[in-house]
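Close look at the chain arrangement
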Amino acid sequence: MPEGALAAILRSTGLSGQGPNTVSFTGGADPLLPTPFRIAAAGAAAIAATGLAAAELWQQRTGRPQTVSVDLRHATASLRSGLYMQLGDGPVPDERNPIMGVYPTRDGRWAYIHSNFPNHFAAALKVLRCDGTREGVARALTGWDALEFEEALIAAGGAGGMVRTQAEWAEHPQSLAVAMLPLLDIIRIGDSPPEPLRAGMRPLSGTRVLDLTRLLAGPIAGRTLAEHGADVLKVTGPHLPHLGYQEPDTGHGKLSASLDLRTRDDVETLHRLVRDADVFLQGYRPGALGARGFSPEELHALRPGLVYLSLCAFSHDGPWASRRGFDTVVQAMSGMAVRQAEALPSPTGAPQFYPVSAIDYCTGYLLAAAAMVALRRRAIEGGSWLVRISLAQVGKWIVDLGEVPAAVLPGVPAEFATEEIERWSTVTATPLGPLRHLKPIVQMSETPAFWARPAAPLAHDRPAWP
């Protein structure tokens with residue numbers, strides 16, 4: 001049940017589950033979609049943590065507690081919220097790279113290729129020396145052992161590798177490193193005076209967040225902070241690849257600007273923005289931003305009291321700390337994709353992915369909750385704070401929640417009822433046109449969650465605080 005999933009979050013964040021701010025859950029229990037993993041409990045608990053963290057900030061600001069409630073069905077739908085968007089009269093275009101997927105290899109194993117970014121697509125083709133079609137990739141991989149291909153793909157700068165079982169992953173050095181970590185870290189990294197919360201009518205009123213993330217987990221964290229009142233400025237680079245169809249989903253509540261950190265002027269602009277920021281959110285591989293002068297320690301010196309949020313794929317420790325990864329890559333590497341196929345076999349016997357992006361979205365919600373915890377600690381005791389989380393840590397947390405009985409999986413609907421989606425949705429006027437999308441999930445008794453700004457295209461705004 002979600003209460004058990006929430007308990008692990010409370011242990012890692014220090015959030016109180018016994019204070020005047022209370023949490024309740026409605027909407028049934030797993031399985032709500034066809035997967036053995038308890039994704040409804042995980043999603044609802046992660047979202048409840050964001051509400052509880054916002055409620056504690058509100059109590060810190062006003063002295064008044066509030067109640068938090070989460071519907072498990074709505075929460076589960078939010079784990080693939082991009083699926084339910086409509087732009088004008090049609091869907092948001094979501095064309096994906098044609099070769100992304102799993103393939104059999106020469107040694108009877110399976111390999112997974114993640115290739116939605118152009119550079120990762122190019123890396124896979126460079127290794128395989130084939131055309132960019134599924135047929136061409138399938139033929140090429142018949143000449144590779146799975147682990148041999150993984151090593152070549154990673155060396156070429158790609159993403160993916162050999163699909164592992166859960167037993168194989170449990171013995172892997174990276175899995176052992178992740179097993180030693182909590183769900184997430186909230187670490188004080190420097191001293192500064194306490195900073196009282198700014199005046200305002202929402203839990204995060206006056207809080208400024210720089211969001212330097214792409215894809216899903218990081219942008220969802222920024223989106224969640226925006227729904228509780230933060231001013232979130234997304235910063236991207238003109239040369240960086242993006243999946244445009246995700247921006248309407250993850251961009252609610254944000255401004256969006258472009259800076260090229262390869263240029264001195266834009267580096268100085270970002271430094272100016274940091275000096276007036278409260279939260280710095282980044283999802284680059286460990287050390288990548290530090291090489292450009294944006295490590296946690298350097299930004300603490302520039303802006304004492306900053307909350308620095310750091311997201312990566314396979315944790316900040318271990319032999320894979322610098323490896324590229326995404327939700328599906330973690331599923332493939334950690335045995336979740338094999339387990340999904342065992343529970344719900346396909347005619348081909350190929351590994352499968354669960355029907356949502358649970359690791360990505362839960363990671364984003366958890367990161368937002370931890371950011372609010374750190375902001376409250378800053379208000380009480382001062383200091384600069386570092387929050388660290390990885391997709392692999394969240395994947396382990398989901399697996400550790402256990403599985404639903406296999407006997408109940410046959411016949412579980414693959415989709416929610418149309419009337420439910422309509423009830424959970426709203427239409428927002430955006431620069432791209434009218435956008436139908438899911439509303440915020442968490443229900444707050446005194447400070448309802450909402451986005452004050454519509455989702456905007458990349459680089460729609462100036463690199464400046466409102």
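Within any chain, residue numbers begin from 1 and follow the written order of that chain's sequence. Residues qualify for local features only when their pLDDT is at least 70, as the model is predicted, and side-chain atom pairs are given and counted only at 80 or more; totals for whole chains, interfaces and linings, by contrast, use all residues. Values shown for side chains rest on all heavy atoms present in the structure; no hydrogens or waters enter the calculation.

1. Let's talk about the overall build of the chain
- When you go through the chain residue by residue, the secondary structure sums to 17 helices and 17 strands.
- Relative to the 2.2 N^0.38 estimate, which gives 23 Å for 466 residues, the radius of gyration of the chain is 21 Å and therefore close to what a compact globule would have.
- Exposure categories follow from relative accessible area, calculated using a 1.4 Å probe and restricted to protein chains: below 20% of the type maximum is buried, above 50% is exposed, and the middle band is partly exposed. For the chain, with 466 residues in total, the buried portion stands at 58%.
- The contact rule is simple, with two residues in contact once any of their heavy atoms fall within 4.5 Å. Within the chain, residue pairs in contact and separated by at least 24 positions form 77% of the contacts whose partners lie at least 6 positions apart.
- Between the averaged position of the 42 positive side-chain charges in the chain and that of its 45 negative side-chain charges there is a distance of 4 Å. Helix and strand definitions follow DSSP, with helices as H or I runs of at least four residues and strands as E runs of at least two, each counted in order from the N terminus. In this setup the radius of gyration rests on C-alpha atoms only. A globule is expected at 2.2 Å times the number of residues raised to 0.38. Neither His nor the chain ends is counted toward charge; the positive residues are Lys and Arg and the negative residues Asp and Glu. Each charge is placed at NZ for Lys, CZ for Arg, CG for Asp and CD for Glu.

2. Focus: empty space enclosed by the protein
- As defined here, a cavity is a set of points on a 1 Å grid over the protein atoms alone where a 1.4 Å probe fits but cannot get out. A pocket is an open set with protein on both sides within 12 Å along at least five of seven lines, and residues line them when an atom is within 4 Å of a point. Grid points are joined across faces, edges and corners, and a volume is the space filled by probe spheres set on the points. A complete count under the given rule lists four cavities of 30 Å³ or more for this structure.
- If you add up the space inside the largest cavity, you get close to 80 Å³.
- Every residue lining the largest cavity is counted, 14 residues in all, and those nearest its centre are Arg223, Glu227, Tyr365, Pro440 and Ile441.
- Counting only elements with at least two residues in the lining of the largest cavity, the list comes to α2 (39-62) and α9 (217-226).
- Under the grouping applied here, Gly and all other residues not named as nonpolar or charged are polar, the nonpolar ones being Ala, Val, Leu, Ile, Met, Phe, Trp, Tyr, Cys and Pro and the charged ones Asp, Glu, Lys and Arg. Residue classes in the lining of the largest cavity are distributed as seven nonpolar, four polar and three charged.
- Reported here for the second largest cavity is a volume of approximately 40 Å³.
- In this structure, the second largest cavity is lined by Lys234, Glu247, Gly251, Lys254, Leu255, Ser256 and Ala456.

3. Describing the pattern of salt bridges
- Throughout this description, the term salt bridge denotes a Lys or Arg side-chain nitrogen within 4 Å of a carboxyl oxygen of Asp or Glu. Taken as a whole and judged by the stated rule, the model has 25 salt bridges.
- When salt bridges with common partners are traced through the structure, they connect Glu195, Arg198, Asp278, Arg303 and Arg378 into a single cluster.

4. A few points about the pairing of strand β5 (residues 101-104)
- A pair of strands counts as paired when DSSP detects no fewer than two bridges linking them. Looking at chain direction, β5 and strand β6 (residues 110-114) are connected through four bridges and run antiparallel. When the bridges of β6 are listed, Gly101 appears paired with Ile113.
- From the end of β5 to the start of β6, which pair antiparallel, there are five residues, and Gly108 there has a positive phi angle of about 80°.

5. Considering the packing of helix α1 (residues 2-13) against α2
- Inter-axis angles, ranging from 0 to 180 degrees, are taken between N-to-C directions of lines fitted to C-alpha atoms, where helices are fitted over the stretch in contact. Axis separation between α1 and α2 bottoms out at 8 Å; the angle between their running directions is 50°. Considering their axes alone, α1 and α2 lie oblique with respect to each other. The chirality of how α1 crosses α2 is right-handed. Contacts between α1 and α2 involve Pro2, Ala5, Leu6, Ile9 and Leu10 from the former and Ala41, Ala44, Ala45, Ala46, Ala49 and Leu52 from the latter.
- For the contact of α1 with α2, the residue count by class is 11 nonpolar, no polar and no charged. Any angle that is under 35 degrees is reported as roughly parallel, and any over 145 degrees as roughly antiparallel; angles of 65 to 115 degrees are reported as roughly perpendicular and all others as oblique. Each crossing gets its handedness from the near helix: less than a right angle anticlockwise from the far helix is left-handed, clockwise is right-handed.

6. Re helix α15 (residues 358-381)
- To estimate the expected span of a helix, subtract one from its residue number and multiply by 1.5 Å. With 24 residues, α15 ought to run about 34 Å at 1.5 Å a step, and its terminal C-alpha atoms sit 34 Å apart, in line with that.
- In the stretch just after α15, Gly382 is the one whose phi turns positive, near 80°.

7. Here's the deal with the nonpolar core
- As used in this record, nonpolar core signifies buried Ala, Val, Leu, Ile, Met, Phe, Trp, Tyr and Cys residues forming a set joined through side-chain atoms within 4.5 Å. Val70, Phe314, Leu366, Val394, Trp397 and Ile398 are the most contacted members of the largest nonpolar core, which has 107 residues in total.
- Residues contacting Val70, with those up to four places away along its chain left out, are Ser24, Phe25, Thr26, Ala44, Ile47, Ala48, Ala75, Ile441 and Val442.
- In this structure, Val235, Phe280, Tyr308 and Trp465 belong to the second largest nonpolar core, which totals 21 residues.

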